[in-house]
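# Reading the structure
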Amino acid sequence: QVQLVESGGGLVQAGGSLRLSCAASGRTFSIFHMGWFRQAPGKEREFVARLIWSGGSTTYADSVKGRFTISRDTAKNTVYLQMNSLKPEDTAVYYCKLMPGSSWGQGTQVTVSS
């Protein structure tokens, strides 16, 4: 069993930056990838970014390319999401996901005001 804890959400102005963290604990010896999803009010949960643990290759949704960066700290079993040039449409609850096992965190709220 793996536990994921997201942190770093908050309220920021459009154009600002925020850094989210997701710390994994428990049975983390076989991490394949970790990623970020988000869900805005009234919308489906959508993919944001993914990182393959071995080698660190990354994939991004088109909507965040060039603005968001996913990275990892292998010693801490933690992934980060650096969000720059934030837009009001980025407002959502951001969730961390780990594979294998499809573990999810509780989410952290990001609100971007105009």
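These lines cover the structure that appears in this document, whether it is placed above or below. (Residues numbered from 1 in each chain as written. Predicted model: local features only at pLDDT ≥ 70, side-chain atom pairs only at ≥ 80, totals over all residues. Heavy atoms only, no water.)

## Observations regarding the overall build of the protein
Counting its regular elements, the protein contains zero helices and 11 strands. Its C-alpha atoms give the protein a radius of gyration of 13 Å, within 12% of the compact-globule value 13 Å for 114 residues. Considering the protein as a whole, with its 114 residues, one finds that 42% of them fall into the buried category. Counted over contacts in the protein with a minimum sequence separation of 6, partners at least 24 positions apart contribute 51%. Approximately 5,900 Å² of the protein is accessible, and the part contributed by carbon and sulfur atoms is 49%. Put simply, the protein has 12 plus and 7 minus side-chain charges, and the middle of one group is 6 Å from the middle of the other. (Helix = DSSP H or I, 4+ residues; strand = E, 2+ residues; numbered from the N terminus. Rg over C-alpha atoms; globule rule 2.2 N^0.38 Å. Buried < 20%, exposed > 50% of the residue type's maximum accessible area, 1.4 Å probe, protein only. Contact = heavy atoms within 4.5 Å. Areas by Shrake-Rupley, 256 points an atom, 1.4 Å probe, with all protein chains shown as cover. Lys, Arg positive; Asp, Glu negative; His and termini not counted. Charge placed at Lys NZ, Arg CZ, Asp CG, Glu CD.)

## A few points about the pattern of salt bridges
The full count for this structure, using the stated rule, is four salt bridges. A salt bridge links lysine 65 to aspartate 62, with the shortest nitrogen-to-oxygen separation between them at 3.1 Å. Owing to a relative accessible area of 65%, aspartate 62 belongs among the exposed residues under this scheme. Its salt-bridge partner being aspartate 90, residue arginine 67 comes within 2.8 Å of it at the nearest N-O pair. (Salt bridge = Lys/Arg side-chain N within 4 Å of Asp/Glu carboxyl O.)

## With respect to the sheet that holds strand β1 (residues 2–7)
What links the strands of a sheet is backbone hydrogen bonding, and the strands pair in either a parallel or an antiparallel sense. With antiparallel pairing, the four strands of this open sheet are ordered in space as β1-β3-β8-β7. Edge positions in the sheet fall to β1 and β7 (68–73), since each has one partner strand and no second. Averaged over all adjacent pairs, the angle separating strand axes in this sheet is 15 degrees, with direction ignored. By the bridge criterion, six bridges tie β1 to strand β3 (residues 18–26) in an arrangement that is antiparallel. (Pairing = 2+ DSSP bridges. Axes fitted to C-alpha atoms, helices over the stretch in contact; angles between N-to-C directions.)

## Some thoughts on the side chain of threonine 78
Take threonine 78: it is sitting in strand β8 (residues 78–83). Taking the relative accessible area as the measure of exposure, threonine 78 reaches 6% and is therefore buried. A polar contact is formed between the side chain of threonine 78 and the backbone oxygen of lysine 76, at a distance of 2.9 Å. Non-local contacts of threonine 78, meaning those with residues more than four positions away in its chain, are made with Ser21, Cys22, Ala23, Trp53, Ser71, Arg72 and Asp73. (Polar contact = N/O pair within 3.5 Å; in protein donor to acceptor, adjacent residues only side chain to side chain.)

## Re the environment of histidine 33
If you trace the backbone, histidine 33 turns up in strand β4 (residues 33–39). By relative accessible area, which is 14% here, histidine 33 ends up buried. Along the chain, histidine 33 and tryptophan 53 lie 20 residues apart, while their C-alpha atoms are 5.0 Å from each other. Setting aside chain neighbours within four positions, we find histidine 33 in contact with Arg50, Leu51, Ile52, Trp53, Lys97, Leu98 and Met99.

These figures capture arrangement, not role.
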